[in-house]
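Below, each chain spelled out in residue letters.
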Amino acid sequence: SAAAALAQHGDKPRPEAWKNLVYGGRFMDRILPAPIYDKLTSDTWGADAVRPRDIHNGIEDPNWSYWGGRPILGPDGKYHLFVARWREDNPRGHGGWPGSEIVQAVSDRPTGPFVVTQVLGPGHFPEIHRLSNGEYVVYYFHGCYAAKSLDGPWKHFTKQELGFPKATFGSLAIREDGSLLMLDRSMRVWIKEKDANEFRMPTGESIHPKTPGSYEDPMVWRTEVQYHLIVNDWFGRTAYHMRSKDGVHWKEDAGEAYTIDFDGYEDGTKVKWYKYERPKVLQDQFGRATHLYLAVIDVPKKQDLSKDKHSSKNIVLPLVVGRRLKILNTDKIAADTKTIRLQILAEDGFNPQTDVDVDSLRFGAPEKVDFGGGCKPTRSEKSGKDLIVTFDATGNGITDDNFAAKLIGKTAKGKLLFGYSRLPGVDYSPYVGKR
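Residues numbered from 1 in each chain as written. Predicted model: local features only at pLDDT ≥ 70, side-chain atom pairs only at ≥ 80, totals over all residues. Heavy atoms only, no water.

Asks: Mind showing me how you'd approach the pattern of salt bridges here?
Replies: On inspection of all chains with the given rule, the structure shows 34 salt bridges. Note that glutamate 216 and arginine 278 form a salt bridge whose closest N and O atoms lie 3.6 Å from each other. Note that glutamate 216 is positioned in strand E12 (residues 215-222) and arginine 278 in strand E16 (residues 275-283), a separation of 62 residues in sequence. Neither residue differs from the other here; glutamate 216 and arginine 278 are each classed as buried. Each of Arg185, Glu216, Asp217, Lys275, Glu277, Arg278 and Lys301 takes part in one network of salt bridges that share partners. (Salt bridge = Lys/Arg side-chain N within 4 Å of Asp/Glu carboxyl O. Helix = DSSP H or I, 4+ residues; strand = E, 2+ residues; numbered from the N terminus. Buried < 20%, exposed > 50% of the residue type's maximum accessible area, 1.4 Å probe, protein only.)

Below you can see the structure in the form of structure tokens.
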């Protein structure tokens, strides 16, 4: 169909209402240009649309095709990326991915360059986690590798041994009580309680976005406020962002998480990979996403052949980090609430008393704030190193359907400022459901 043809070229039709989103209303607005490690070069593989580029961003090697990988900050202060790769000269070209191996690559910086230090073994679509008992586990499609240290040795377990035999691994988050929440590739939710031997499905339903698309390989993560996920529509080459209070019941945010026309460098140079897939994020100590990791390829996958000038790699893009917020109201916020007092917390590199353009702030239900609505500030005051902003609660838009309020505004330098806060009167305990 004509619509399908448009989607294949990255021009996926978008809802008319999304034209009214304000800057900061969609996840894609948080993605920053990549820093340049050394220089941009055209003396490398790839279509014209991806050159010149920084070959030191993320991980790439002309002898290997890389695809998908999640990082973690190690106790050594270095960034450890676990990523899949296969030989570029594989007779099947990009189609050689089923024979990939999982490697560990290390960098002094979250954006790379990453250098391979060891091979864990066969596997595809790895995702590293540190469990509540301190053990490191690298999950992948059909099992995992586990070790007590990032240095290894790594022991292999099948998905049957993991108590997860009925689906292919997608992504995982560690719940507040140390139990595990997993999404499979079909975006069904699985939970493994701390005392359980197997994962169970609380609903058995796919939580994919309502926006039509061909979805696969979701990425889920948990912050101190809520759960987030990004999922890619591989056919439409567009990804979407969703949020959840408990990891089981999800809300779809308006706007794109990323498309194919957002990528570039701090000097203004633009890059346009044919596909951006396998989204992963680096998290800080509060669970916030600080960097976005993506598998990219310069041509349609079937056109990436053995021993040619095309291939795939992983790139890294910095993100605007959400500010830490606390609502000081103790009563549940409703339509008749008069004022909302919001504490904006100070942290290293951020002084809310000098770095916030208070007049630019809007606060309330994300469905309102993302479109320019929400509450307006009436005054602000210092509280230690923090800043307390009082909002006229008129038009806050918060209903029983909301579990987090959102702040959008600007810094004193005109940059994007945003954050989420939990709401008073909402139960955030992990989902239990039927045993």
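Asks: Explain the nonpolar core here, please?
Replies: Soluble globular proteins: nonpolar side chains tend toward being buried together. Counting residues in each nonpolar core, the largest one holds 30 residues, and the members touching the most others are Leu361, Phe363, Phe391 and Leu407. Residue assignment for this core shows that the elements contributing at least two residues are strand E19 (323-327), strand E20 (339-344), strand E21 (356-364), strand E23 (386-392), strand E24 (404-411) and strand E25 (416-422). The contact partners of leucine 407, leaving out residues within four places of it in the chain, are Leu325, Leu342, Ile344, Leu361, Arg362, Phe363, Phe391, Leu417, Phe418 and Gly419. Among the nonpolar cores identified, the runner-up in size contains 26 residues, and Tyr258, Phe262, Ala289 and Leu317 belong to it. (Core = buried A, V, L, I, M, F, W, Y, C linked by side-chain atoms within 4.5 Å. Contact = heavy atoms within 4.5 Å.)

Asks: Mind showing me how you'd approach the layout of surface pockets here?
Replies: Take a probe with the size of a water molecule and roll it over the atoms, and the empty space left behind shows itself. There is about 560 Å³ of room inside the largest pocket. Lining the largest pocket are 25 residues, with Arg130, Ile174, Gln283, Asp284 and Gly287 sitting closest to its centre. Of all elements in the fold, only strand E1 (64-73), strand E5 (127-130), strand E9 (169-174), E12 and E16 reach the threshold of two or more residues within the lining of the largest pocket. A total of four residues in the lining of the largest pocket trace back to one element, the largest contributor, which is E1. Its volume calculated, the second largest pocket comes out at about 480 Å³. If you go around the second largest pocket, you meet 24 residues; those closest to its centre are Arg323, Asp348, Gly349, Phe350 and Asp355. Secondary-structure elements contributing two or more residues to the lining of the second largest pocket are E19, helix H2 (352-355) and E25. No other element matches E25, which puts three residues into the lining of the second largest pocket. Looking at the lining of the second largest pocket, its residues break down into ten nonpolar, five polar and nine charged. (1 Å grid on protein atoms, 1.4 Å probe; cavity = no way out; pocket = protein on both sides within 12 Å on 5 of 7 lines; lining within 4 Å. Points joined across faces, edges and corners; volume = space filled by probe spheres on them. Nonpolar A, V, L, I, M, F, W, Y, C, P; charged D, E, K, R; others polar.)

Asks: Explain the sheet that holds E16 to me, please; I cannot follow it from the model alone.
Replies: Strands belonging to one sheet form pairs held by backbone hydrogen bonds; the direction of such a pair is parallel or antiparallel. Pairing is antiparallel across the open sheet formed by three strands, whose spatial order is E16-E17-E18. Because the sheet does not close on itself, it has two edges, and the strands there are E16 and strand E18 (312-318). In this sheet, adjacent strand axes meet at a mean angle of 25 degrees when their direction is disregarded. Note that E16 and strand E17 (residues 289-297) share seven bridges and pair antiparallel. Paired with tyrosine 276 across the bridge in E17 is valine 296. (Pairing = 2+ DSSP bridges. Axes fitted to C-alpha atoms, helices over the stretch in contact; angles between N-to-C directions.)

Asks: Looking at this model, I keep getting lost on unusual backbone geometry. Mind explaining?
Replies: Trans peptide bonds make up the majority, and among non-glycine residues the majority have a negative phi. Residues glycine 112 and proline 113 are joined by a peptide bond in cis, for which omega reads 10 degrees. Note that proline 113 resides in the loop between strand E3 (101-107) and strand E4 (115-122). The residue after glycine 152, namely proline 153, is reached through a cis peptide bond having omega 0 degrees. Along the chain, proline 153 turns up in the loop between strand E7 (143-147) and strand E8 (155-158). The residue methionine 187 is not glycine, and still its phi comes out positive at about 65 degrees.

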